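# Report on the structure
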Amino acid sequence: MSSYLFTTHHSPLSIHPNMNWNSNLINNLEWADKIINIEGKQKVAAEIAAKVKDGDIIGVGSGSTSYMALVAIAQRVKDEKLNVKAIPTSVELSMFCSKLGLPMTTLYEHKPDWLFDGADEVDPDQSLIKGRGGAMFKEKLLISSSVVSYIIVDDSKMVDKLGSKFPVPIEVFPQALPYVEKELKSLGATEIAIRPAKGKDGPIISENGNLVLDCKFDEIGKSFEKDIKSITGVIESGLFIGYNLNIIMASNS
Ligand SMILES: O=C(CO)[C@H](O)[C@H](O)COP(=O)(O)O
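As annotated in an unreviewed UniProt entry, the protein carries the name Ribose 5-phosphate isomerase A and is attributed to Mucilaginibacter angelicae.

Pasting the structure below:
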């Protein structure tokens, strides 16, 4: 078998258990090393790492905050020779698991005992906008599958109203675009943009082969997550309304 584990479809959720990449490219990921080490986030990363118990199956969210927590977890696993398995939510984080030597598993084999993830916005009801990294489908799948979910944020992520700083990311099957656009407008979308790719021409293509729309609304109602999801062609949105989440706040001061 090739040491690269992308087989017929390259979802990190389908990576064969107990197999890590063995690649110099992954071991030396420069962009992983560039992720900012903010002191507050490091403290909270240590707090997350302290939750690890031998035998845990841990869901791993995407983004820089998740990566910092993953580094702290990997250190504990190494120092204490703990037996844990990670279920990553993106190719990016599965590469990081591999780089850090953390064994991975999938949702076929295991249910996560707990999960950690970041967020782009958190409102006073602890509802979230996620998906700046475009991984909201697998993040939501993992949060829905996990017994306990920890969301790590710093105070810059706290908002009075969802949508204040970030649009709502929506993953859409490409040919459904005209229909979904029409339906989003009738839900009250004021601006809809196809997320452009960086480093390639044209749009971002998600890990599931879809487009990501960034969609602004004047008001995000409590039913919006379900309303958006019910549009045929929408795979998932980055709205997380009314989930049972434990928000852990990192201080930037
Ligand atoms: O939802 C996400 C990716 O899809 C991330 O969790 C969110 O964007 C936060 O990222 P960061 O910790 O880098 O601020």
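Here the focus is the overall build of the protein. For the protein, the helix and strand inventory stands at eight helices and 12 strands. By the burial criterion, 51% of the 253 residues in the protein qualify as buried. Restricting to contacts in the protein with at least 6 residues of sequence separation, those with at least 24 account for 78%. Summed over all atoms, the accessible surface of the protein reaches about 12,300 Å², with 53% contributed by carbon and sulfur.

On to the layout of surface pockets, then. Any empty space left between atoms is shown by rolling a water-sized probe over those atoms. Of the pockets and cavities examined, the largest pocket occupies roughly 1,200 Å³. Taken together, 42 residues make up the lining of the largest pocket; nearest its centre are E92, R132, G133, G134 and R195. Counting only elements with at least two residues in the lining of the largest pocket, the list comes to helix 4 (64-80), helix 5 (91-100) and helix 6 (136-145). Here the lining of the largest pocket gets four residues from one element, more than from any other, and that element is helix 5. Split into classes, the residues belonging to the lining of the largest pocket amount to 16 nonpolar, 12 polar and 14 charged. Counting residues domain by domain, the lining of the largest pocket receives three or more from each of domain 1 (12-159 + 243-250) and domain 2 (168-237). Reported here for the second largest pocket is a volume of approximately 180 Å³. Partitioning the lining of the second largest pocket into residue classes produces four nonpolar, two polar and six charged. Looking at which domains feed residues into the lining of the second largest pocket, each of domain 1 (12-159 + 243-250) and domain 2 (168-237) supplies at least three.

Another point: helix 4. With 17 residues, helix 4 should cover 24 Å at 1.5 Å per step; its first-to-last C-alpha distance of 25 Å lies within 8% of that length. Those residues of helix 4 lying buried are T65, S66, Y67, M68, A69, L70, A72, I73, A74, R76 and V77.

Next up on the list: the pairing of strand 1 (residues 57-60). Of the two faces of strand 1, the one lined by I57 and G59 and the one lined by I58 and V60 are each fully buried. Here strand 1 pairs with strand 2 (residues 85-88) via four bridges, running parallel. Within the sheet, the bridge partner assigned to I58 lies in strand 2 and is A86. In this fold, strand 1 hands off to helix 4, which returns the chain to strand 2; that crossover is right-handed. Sheet topology places strand 1 next to strand 3 (residues 114-117); three bridges connect them, and they run parallel. When the sheet's bridge partners are listed, G59 is paired in strand 3 with L115.

Attention now moves to the nonpolar core. Across soluble globular proteins, nonpolar side chains have a tendency to be buried as a group. With 33 residues, the main nonpolar core has I48, L70, I73, L102, W114 and F116 as its most contacted residues. Contributions of two or more residues to this core are made by helix 3 (39-49), strand 1, helix 4, helix 5, strand 3, strand 6 (148-154) and strand 12 (246-250). Ranked by residues supplied to this core, first place goes to helix 4 with eight residues. If you look at the next biggest cluster of nonpolar residues, it comprises 22 residues, including I170, A176, L177 and I231.

What follows concerns the packing of aromatic side chains. Counted according to the given criterion, the structure contains five aromatic pairs. Between F217 and F224, the ring centres sit 5.0 Å apart and the planes meet at 80°, which makes this aromatic pair edge-to-face. The two residues F217 and F224 agree in class, both being buried. Aromatic pair F240 and Y243: ring centres 5.4 Å apart, planes at 50°, arrangement tilted. Judged by its relative accessible area of 0%, F240 falls in the buried class. In this structure Y243 comes out as partly exposed when scored by relative accessible area, which is 23%. Aromatic rings pair up to connect W114, F116 and Y150 into one cluster. Above the plane of the ring of F240 lies K140, whose end atom (NZ or CZ) is 4.8 Å from the centre.

Another aspect to go through is the site of the ligand. The local shell around the ligand holds 16 residues, among which S64, T65, D120, K130 and K157 are the closest. Within the side chain of R132, a nitrogen or oxygen atom sits 2.9 Å from an oxygen atom of the ligand. Among the detected pockets, the ligand sits in the largest pocket. Its residues assigned to classes, the shell around the ligand shows two nonpolar, eight polar and six charged.

The rules behind the values
- Residues numbered from 1 in each chain as written.
- Predicted model: local features only at pLDDT ≥ 70, side-chain atom pairs only at ≥ 80, totals over all residues.
- Heavy atoms only, no water.
- Helix = DSSP H or I, 4+ residues; strand = E, 2+ residues; numbered from the N terminus.
- Buried < 20%, exposed > 50% of the residue type's maximum accessible area, 1.4 Å probe, protein only.
- Contact = heavy atoms within 4.5 Å.
- Areas by Shrake-Rupley, 256 points an atom, 1.4 Å probe, with all protein chains shown as cover.
- 1 Å grid on protein atoms, 1.4 Å probe; cavity = no way out; pocket = protein on both sides within 12 Å on 5 of 7 lines; lining within 4 Å.
- Points joined across faces, edges and corners; volume = space filled by probe spheres on them.
- Nonpolar A, V, L, I, M, F, W, Y, C, P; charged D, E, K, R; others polar.
- Domains from an automatic or database assignment.
- Expected span 1.5 Å × (residues − 1).
- Pairing = 2+ DSSP bridges.
- Right-handed = clockwise from strand over helix to strand, strands pointing away.
- Core = buried A, V, L, I, M, F, W, Y, C linked by side-chain atoms within 4.5 Å.
- Phe/Tyr/Trp six-rings, centres within 6.5 Å; stacked < 30°, edge-to-face > 60°.
- Lys NZ or Arg CZ within 6 Å of the ring centre and 35° of its normal.
- Near = heavy atom within 4 Å.
- Polar contact = N/O pair within 3.5 Å; in protein donor to acceptor, adjacent residues only side chain to side chain.
- Sits in = over half its atoms within 2 Å of the grid points.

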